[in-house]
Amino acid sequence: NAGVTQTPKFQVLKTGQSMTLQCAQDMNHNSMYWYRQDPGMGLRLIYYSASEGTTDKGEVPNGYNVSRLNKREFSLRLESAAPSQTSVYFCASSEGGFTSYNEQFFGPGTRLTVL
Amino acid sequence: DQQVKQNSPSLSVQEGRISILNCDYTNSMFDYFLWYKKYPAEGPTFLISISSIKDKNEDGRFTVFLNKSAKHLSLHIVPSQPGDSAVYFCAASSGGTSYGKLTFGQGTILTVHP
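Residues numbered from 1 in each chain as written. Chains lettered and ligands numbered in written order. Predicted model: local features only at pLDDT ≥ 70, side-chain atom pairs only at ≥ 80, totals over all residues. Heavy atoms only, no water.

A. Spatial organisation of the overall build of chain B. From N to C terminus, chain B includes 0 helices and 11 strands. Sequence-ordered secondary structure for chain B, helices as α and strands as β, is β-β-β-β-β-β-β-β-β-β-β. In summary, chain B has a C-alpha radius of gyration of 13 Å against a globular reference of 13 Å for 114 residues, a match within 12%. In terms of its C-alpha atoms, chain B occupies a principal-axis envelope of roughly 45 × 30 × 20 Å. Across chain B, 10 positive and 9 negative side-chain charges occur, with their mean positions spaced 3 Å apart. (Helix = DSSP H or I, 4+ residues; strand = E, 2+ residues; numbered from the N terminus. Rg over C-alpha atoms; globule rule 2.2 N^0.38 Å. Lys, Arg positive; Asp, Glu negative; His and termini not counted. Charge placed at Lys NZ, Arg CZ, Asp CG, Glu CD.)

What follows is the structure, encoded as structure tokens:
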């Protein structure tokens, strides 16, 4: 039982390049999330998917797109990377939907640097 | 506008003593609060939570206190152990249909010295 896995672990991009961060969970969770963590800012929600087939914007969605490919997988795409997107990206999942609190389980993170 | 604030970037305590981590919030719609713990190069892991209908919740060495009138919560770790050294994040949710949308504080680095 791997929990939440993220690929890649590290990535360096040049400004304007695109890339997709992959996330998968094997806990049969309904909800999945993408966060970014910046120094002094804590974790901020980028996008979330309350259930398979739905996605919604979080606090900082600009410059990102997401795809809930199936119940297990939730990807985050940067179409044209900018230095301001240099950050550590965390994917998380939780069991239920949005009508009661469920603990979120986090992946190990992807450290992205945009030059 | 930081709705959840952890004003102490770091805290250092001796092994066996109490660690107290603090968190303040401004949004009166928040009604569920959580603490997460994060080790370097790992994702955050859930530690303990509290609903706004309570003012205290205990789990082993960890106790969270909530003061709704002051919009303040704190995490007490007693006794502190070197393995508790990590970054601690408080987070809040406004419930309803938004339980999954967490707002995090900036984090406090706890160092427990042997």
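Following the structure, the description resumes.
B. Representation of the pattern of salt bridges in the model. Within the structure shown, the criterion is met by 6 salt bridges over all chains. Close ionic contact of lysine 37 of chain B with aspartate 84 of chain B constitutes a salt bridge, the shortest N to O distance being 4.0 Å. Here lysine 37 of chain B, found in strand 4 (residues 32-38), pairs with aspartate 84 of chain B, found in the loop between strand 8 (72-77) and strand 9 (86-93); they are 47 residues apart in sequence, far enough to count as distant. Per residue, the accessibility class of lysine 37 of chain B equals that of aspartate 84 of chain B, and both read buried. In the salt-bridge network here, residues are joined through shared partners; they are Arg36, Asp38 and Arg44 of chain A. (Salt bridge = Lys/Arg side-chain N within 4 Å of Asp/Glu carboxyl O. Buried < 20%, exposed > 50% of the residue type's maximum accessible area, 1.4 Å probe, protein only.)

C. Broad picture of the packing of aromatic side chains. For the coordinates displayed, the defined rule picks out 12 aromatic pairs over all chains. For the pair phenylalanine 90 of chain A and phenylalanine 106 of chain A, a centre-to-centre distance of 6.5 Å together with 80 degrees between the ring planes defines the contact as edge-to-face. Residue phenylalanine 90 of chain A is found in strand 9 (residues 87-94), and its partner phenylalanine 106 of chain A is found in strand 10 (residues 104-106); the two are separated by 16 residues along the sequence. Arranged with centres 6.3 Å apart and planes meeting at 85 degrees, the rings of phenylalanine 89 of chain B and phenylalanine 104 of chain B form a pair that is edge-to-face. Of this pair, phenylalanine 89 of chain B sits in strand 9 while phenylalanine 104 of chain B sits in strand 10 (residues 103-104), and the two are 15 residues apart along the sequence. Here phenylalanine 89 of chain B and phenylalanine 104 of chain B have matching classes, each one buried. An aromatic cluster is built from Tyr33, Tyr35, Phe90 and Phe106 of chain A together with Tyr36, Phe46, Phe89 and Phe104 of chain B, whose rings are joined through pairwise contacts. (Phe/Tyr/Trp six-rings, centres within 6.5 Å; stacked < 30°, edge-to-face > 60°.)

D. Local environment of the environment of phenylalanine 46 of chain B. Along the polypeptide, phenylalanine 46 of chain B turns up in strand 5 (residues 45-51). On a C-alpha basis, the gap between phenylalanine 46 of chain B and aspartate 1 of chain B in space is 25 Å, while along the polypeptide they are 45 residues apart.

E. Spatial organisation of the nonpolar core. Counting 23 residues, the largest nonpolar core has Phe33, Trp35, Leu73, Leu75 and Tyr88 of chain B as its most contacted members. The set of elements that each furnish at least two residues to this core consists of strand 3 (19-25), strand 4, strand 5, strand 7 (62-67), strand 8, strand 9 and strand 11 (108-113) of chain B. Counting residues per element, this core draws most heavily on strand 9 of chain B, which supplies 4 residues. Beyond its immediate sequence surroundings of up to four residues, phenylalanine 33 of chain B is in contact with Tyr25, Ile48, Ser49, Ile50, Leu66, Leu73, Ala91 and Ala92 of chain B. In terms of nonpolar packing, the next biggest core, distinct from the first, is built from 20 residues, Val60, Ala81, Leu112 and Val114 of chain A among them. (Core = buried A, V, L, I, M, F, W, Y, C linked by side-chain atoms within 4.5 Å. Contact = heavy atoms within 4.5 Å.)

F. Structural context of the sheet that holds strand 3 of chain B. Residues and elements named next belong to chain B. With antiparallel pairing, the 5 strands of this open sheet are ordered in space as 1-3-8-7-6. The sheet is open, and its two edges are formed by strand 1 (4-5) and strand 6 (56-59), each paired on a single side. When strand 3 meets strand 8, the two strands line up antiparallel, connected through 6 bridges. Note that in strand 8 the partner of isoleucine 20 across the bridge is histidine 76. (Pairing = 2+ DSSP bridges.)

G. Molecular detail of the sheet that holds strand 3 (residues 19-25) of chain A. Residues and elements named next belong to chain A. Reading across the sheet, the 4 strands line up as 1-3-8-7 and stay open at both edges, with antiparallel pairing between neighbours. Whereas interior strands pair on both sides, the edge strands pair on one side only; in this sheet they are strand 1 (4-7) and strand 7 (64-68). The average angle at which neighbouring strand axes cross in this sheet is 20 degrees, direction not considered. Looking at chain direction, strand 3 and strand 8 (residues 74-78) are connected through 3 bridges and run antiparallel. From the neighbouring strand, leucine 21 faces strand 8, where its bridge partner is leucine 76. (Axes fitted to C-alpha atoms, helices over the stretch in contact; angles between N-to-C directions.)

H. Representation of the interface of chain A and chain B within the structure. Listed per partner, the contact involves 20 residues of chain A and 21 residues of chain B. The contact between chain A and chain B buries some 1,700 Å² in all, and 63% of this surface belongs to carbon and sulfur atoms. Taken together, chain A and chain B are joined by 0 salt bridges. The interface formed by chain A and chain B includes 1 residue pair in polar contact (both at pLDDT 80 or more). (Buried area = accessible area lost by both parts, 1.4 Å probe. Polar contact = N/O pair within 3.5 Å; in protein donor to acceptor, adjacent residues only side chain to side chain.)

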